[in-house]
Amino acid sequence: MSVLVFTENWDGKFKKISFELVSYASKIAEMLNVQTVALSIGDVQEDELKKLGNYAADKIISVNNDKLKNLDNQAYASVIAQVAEKEGAKVVIIAHNNTGKALAPRLSVKLKAGLGAGVSKLPSSVEPFTIFKKVYSGKAYSNLVIKSDIKILTLSQNSFEFEENVKSPSIESFEPALSDDLFKTTVSNVQKQTGKILLTDAEIVVSGGRGMRSGDNWSPIEELAELLGAATACSRPVSDEGWRPHEEHTGQTGKIIAPNLYIAAGISGAIQHLAGISSSKCIVAINTDKDAPIFEAADYGIIGDTAKVLPDFIQAVKELK
Amino acid sequence: MKILICLSNVPDTTTKAKFVNDNTAFDTTGVQWIINPWDELALTRAIELKSDAANSIENITVITVGEKDVEPTMRKALAIGADDAVRIDAEPTDAYFVAAQIAEYLKSNPFDLIFNGIESADYNGSAVGGMLAEFLNIPSVSAVSAVNIENSQVKIKRDIDGGTEEVTSELPVVAIAQKGIAKEPMIAAMRGIMMARKKPLNVVAPVEVEALTGIVNFELPQPKPPCKMIEPDNVKELVNLLQNEAKVI
Ligand SMILES: Cc1cc2nc3c(=O)[nH]c(=O)nc-3n(C[C@H](O)[C@H](O)[C@H](O)COP(=O)(O)OP(=O)(O)OC[C@H]3O[C@@H](n4cnc5c(N)ncnc54)[C@H](O)[C@@H]3O)c2cc1C
Ligand SMILES: Nc1ncnc2c1ncn2[C@@H]1O[C@H](COP(=O)(O)O)[C@@H](O)[C@H]1O
């Protein structure tokens, strides 16, 4: 029996989220007293695979098949299910990101396994299997019991304090059965974002709202982000106005993020905006209006004009370095 | 081509979450109910596609698993421009239950392009679309930000973690919609509201399905300690606190 964790790679490399997932899975494996098995799909070198052992994977299964070059939800879910069956998985752990949200529900039906989507903590009990998850767009949480024999959890990114626990796992390659009728989609025109820090990966995010007044005023946001190694973001009206690209919009209908630090400049803090950022560990608000709701969500606040505060902020960070 | 939109009936996004019965049930007092924002965008895109005759779309149907009280929200979808509506008469206990109900209906009432939203504003499961596709053994494409029809082929743009891709899929397909699929949700015109009353809203009986999960209770977030205010001419102090107190830079 095992806890199976699906680890994604990006051009053959794992990211922090992959290690976070393995570490999380190993903690559940401990609670159940079973092994942690990590599955990797794609062309990943042995050295890289071994890194999963640093976060307490007992065994690594590598699937490398040309047919799986692009994400096909049906095919990928089938591969994970085959490995889950082979390894007697009691729990399957997947990231709560685009890929995970695409695969976990399919797997749930395949394995008749109840899904706990977007968890951020370990289960409070394994008998009955009780998880804690966000509901109502972060306005509340629920304790949820998963009743099926097998369980699937998707873990919210940057929500779990993971730690190193070095093991020397065995690495096994596995050839899944891949019948042609699993492949009903074709992928073309892949556009990868390069160079920039992805909003969903970023540990620090600098974000601007309508209080920035115009898209032409964004250079202090960009400069501060650059200095802090941060990603840039914005509120919805800002992307609707075309001041900033749509990928940057955070909130209920945009990206949901949980960085260590979120700096909100000229953002009022509407409930739909907070839905996307309230899980941030630390929130800084800069706003001219002392009654702006963002100050209720923030840890640190400055009542002031972004046109003055941001340049001072940049200066102070420069002096720090 | 026939388009189906899975429609979730959710509290208005400004609703404060409150609970009753020992925190085991959502307090619906005074709540305004709306079409889940992504489902509304998907409906909008479907209507846009239908308005181009070259796409030869015969019909747009909306489907909801829910009790009678969801009908006003379904009527809204009809007023915006859906042609007909189907309500599966059951309380939507969990995503697996909902997907199984819709899948059962689709076995005898096939559609070509099936839209779901990426997440419902209440349960936040991001689950029904993928489950539905798996029940039907058909492809699903998630995080969809654009759908077009070219030579009766469905072309989909989706987000991957770190980029975008174009996907062409065999039909039927489940497209799981997020932001971008349509610009602004379409609003019902007066004529639409009048016509909606006459459009069919069929009620069908549920099948026996057991939910795989159950809610024990709800909790509200811990109140945050009050925000620490820093003087606007002392940004240095803020940076100092971020470094030494919060330890985030
Ligand atoms: C269904 C639905 C979904 C939504 N989803 C989202 C979502 O995902 N994300 C999102 O962001 N919004 C969303 N919204 C919109 C949301 O309700 C707000 O309208 C929006 O978040 C406001 O953006 P803002 O804070 O940038 O602008 P405003 O509300 O206009 O606030 C601007 C703020 O800047 C301050 N300000 C002005 N000048 C300055 C200055 N010189 N220096 C400092 N501060 C200044 C003002 O005091 C004000 O607080 C949604 C709305 C609906 C109905
Ligand atoms: N009760 C329901 N009836 C019909 N469709 C639903 C229902 N609940 C959820 N959906 C669909 O599934 C999507 C995702 O919901 P969820 O999996 O609950 O986050 C929604 O955007 C709807 O398209």
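Residues numbered from 1 in each chain as written. Chains lettered and ligands numbered in written order. Predicted model: local features only at pLDDT ≥ 70, side-chain atom pairs only at ≥ 80, totals over all residues. Heavy atoms only, no water.

J.: Where do I start with the overall build of chain A in this structure?
T.: Counting secondary structure elements, chain A contains nine helices and 16 strands. Viewed in the frame of its principal axes, chain A has a C-alpha envelope of about 60 × 45 × 40 Å. Each of the 321 residues in chain A was classed as buried or not, and the buried ones make up 61%. Residue pairs at least 24 apart in sequence account for 65% of intrachain contacts in chain A once pairs closer than 6 positions are excluded. Just so you have it, chain A exposes about 12,600 Å², and 46% of that area is on carbon and sulfur atoms. Averaging the positions of the 35 positive and the 39 negative side-chain charges in chain A gives two centres separated by 5 Å. (Helix = DSSP H or I, 4+ residues; strand = E, 2+ residues; numbered from the N terminus. Buried < 20%, exposed > 50% of the residue type's maximum accessible area, 1.4 Å probe, protein only. Contact = heavy atoms within 4.5 Å. Areas by Shrake-Rupley, 256 points an atom, 1.4 Å probe, with all protein chains shown as cover. Lys, Arg positive; Asp, Glu negative; His and termini not counted. Charge placed at Lys NZ, Arg CZ, Asp CG, Glu CD.)

J.: Can you help me understand the interface of chain A and chain B in this one?
T.: Many authors give the size of an interface as the accessible area that is lost as the parts come together. Between chain A and chain B, the residue contacts involve 87 residues of the former and 75 residues of the latter. Buried area between chain A and chain B, summed over both chains or domains, comes out near 7,000 Å², and the portion from carbon and sulfur atoms is 56%. Of all residues in chain A, A:Arg106, A:Tyr136 and A:Tyr300 give up the largest surface area on contact with chain B, accounting jointly for 11% of the area buried on that side. Across the chain A-chain B interface, the total number found is four salt bridges. Measuring nitrogen to oxygen at the nearest pair gives 2.7 Å for the salt bridge that ties A:Arg106 to B:Glu134. (Buried area = accessible area lost by both parts, 1.4 Å probe. Salt bridge = Lys/Arg side-chain N within 4 Å of Asp/Glu carboxyl O.)

J.: Mind showing me how you'd approach the site of ligand 2 here?
T.: Residues and elements named next belong to chain B. Residues in close proximity to ligand 2 total 20 residues, the closest being Cys6, Asp39, Ser120, Ser126 and Ala127. One nitrogen or oxygen atom from the main chain of Gly125 is found 3.0 Å from an oxygen atom belonging to ligand 2. Within the backbone of Ala127, one N or O atom sits 2.7 Å away from an oxygen atom of ligand 2. For ligand 2, whose unbound accessible area comes to 480 Å², protein coverage reaches 95%. When residues of the shell around ligand 2 are traced back to their parent elements, those giving at least two are strand 6 (59–65), helix 3 (95–108) and strand 8 (113–117). Looking at the shell around ligand 2 element by element, the count peaks at three residues for strand 6. Its residues assigned to classes, the shell around ligand 2 shows nine nonpolar, nine polar and two charged. (Near = heavy atom within 4 Å. Polar contact = N/O pair within 3.5 Å; in protein donor to acceptor, adjacent residues only side chain to side chain. Nonpolar A, V, L, I, M, F, W, Y, C, P; charged D, E, K, R; others polar.)

J.: Can you walk me through the sheet that holds strand 13 (residues 231–234) of chain A in this structure?
T.: Across a sheet, strands are paired by hydrogen bonds formed along the backbone, either parallel or antiparallel in direction. What the six strands build is an open sheet, ordered 13(A)-12(A)-14(A)-15(A)-16(A)-15(B); its pairing is parallel. Here the strands that pair on one side only, and so sit at the sheet edges, are strand 13 of chain A together with strand 15 (228–230) of chain B. Along the sheet, successive strands turn relative to each other by an average axial angle of 20°, direction set aside. When strand 12 (residues 204–208) of chain A meets strand 14 (residues 261–265) of chain A, the two strands line up parallel, connected through five bridges. Bridge pairing in strand 14 of chain A places A:Ile204 opposite A:Leu261. Lying over the sheet, helix 5 (residues 219–228) of chain A contacts strand 12, strand 13 and strand 14 of chain A, oriented at roughly 175° with respect to strand 12 of chain A. The strands touched by helix 6 (residues 235–244) of chain B within the sheet are strand 14, strand 15 (282–287) and strand 16 (300–303) of chain A together with strand 15 of chain B, with strand 16 of chain A carrying the most contacts at an inclination of about 170°. (Pairing = 2+ DSSP bridges. Axes fitted to C-alpha atoms, helices over the stretch in contact; angles between N-to-C directions.)

J.: How should I be thinking about helix 4 (residues 98–110) of chain A in this particular structure?
T.: Owing to its 3.6 residues per turn, the α-helix aligns residues three or four sequence positions apart on the same side. Residue and element names in this part refer to chain A. Taking 1.5 Å per residue, 13 residues should reach 18 Å; helix 4 reaches 19 Å between its end C-alpha atoms and fits that length. Restricting attention to buried positions, one finds in helix 4 the residues Asn98, Thr99, Gly100, Lys101, Ala102, Leu103, Ala104, Pro105, Arg106, Leu107, Ser108 and Val109. Just beyond helix 4, the residue with positive phi is Lys112, at close to 45°. (Expected span 1.5 Å × (residues − 1).)

J.: I tried to follow the nonpolar core on my own but got confused; where do I start?
T.: Soluble, globular proteins show a tendency: their nonpolar side chains are buried together. With 62 residues, the main nonpolar core has A:Leu4, A:Leu39, A:Ile41, A:Ile80, A:Val92 and B:Ile114 as its most contacted residues. Tallying contributions element by element places helix 3 of chain B first for this core, with nine residues. (Core = buried A, V, L, I, M, F, W, Y, C linked by side-chain atoms within 4.5 Å.)

J.: Please explain the pattern of salt bridges as it appears in this structure.
T.: Pairing of side chains with opposite charge becomes possible as their charged atoms draw close. What the rule picks out here adds up to 32 salt bridges over all chains. Note that A:Glu222 is salt-bridged to A:Arg244, the shortest N-O span being 3.1 Å. Within this pair, whereas A:Glu222 is found in helix 5, its partner A:Arg244 is found in the loop between helix 6 (236–240) and strand 14, the two being separated by 22 residues in sequence. For A:Arg244, a relative accessible area of 12% corresponds to the buried category. A salt bridge links B:Arg45 to B:Glu48, with the nearest nitrogen and oxygen atoms 2.6 Å apart. Taken together, the residues span about one helical turn, with B:Arg45 and B:Glu48 both in helix 1 (residues 37–51) at a distance of three residues. With relative accessibility at 29%, the residue B:Glu48 sits in the partly exposed group. Bridged by salt links that share partners, the residues A:Lys59, A:Lys86, A:Glu87 and A:Glu172 form one connected network.

J.: Explain the site of ligand 1 here, please?
T.: Near ligand 1 lie 26 residues; those nearest to it are A:Arg210, A:Ser235, A:Ser268, A:Gln272 and A:Asn287. Bordering ligand 1 are residues originating from chains A and B. The contact in question runs from an oxygen atom of ligand 1 to an N or O atom on the side chain of A:His249, over 2.9 Å. One nitrogen or oxygen atom from the main chain of A:Gln252 is found 3.0 Å from an oxygen atom belonging to ligand 1. With the chains in place, 80% of the 990 Å² that ligand 1 exposes on its own is no longer accessible.

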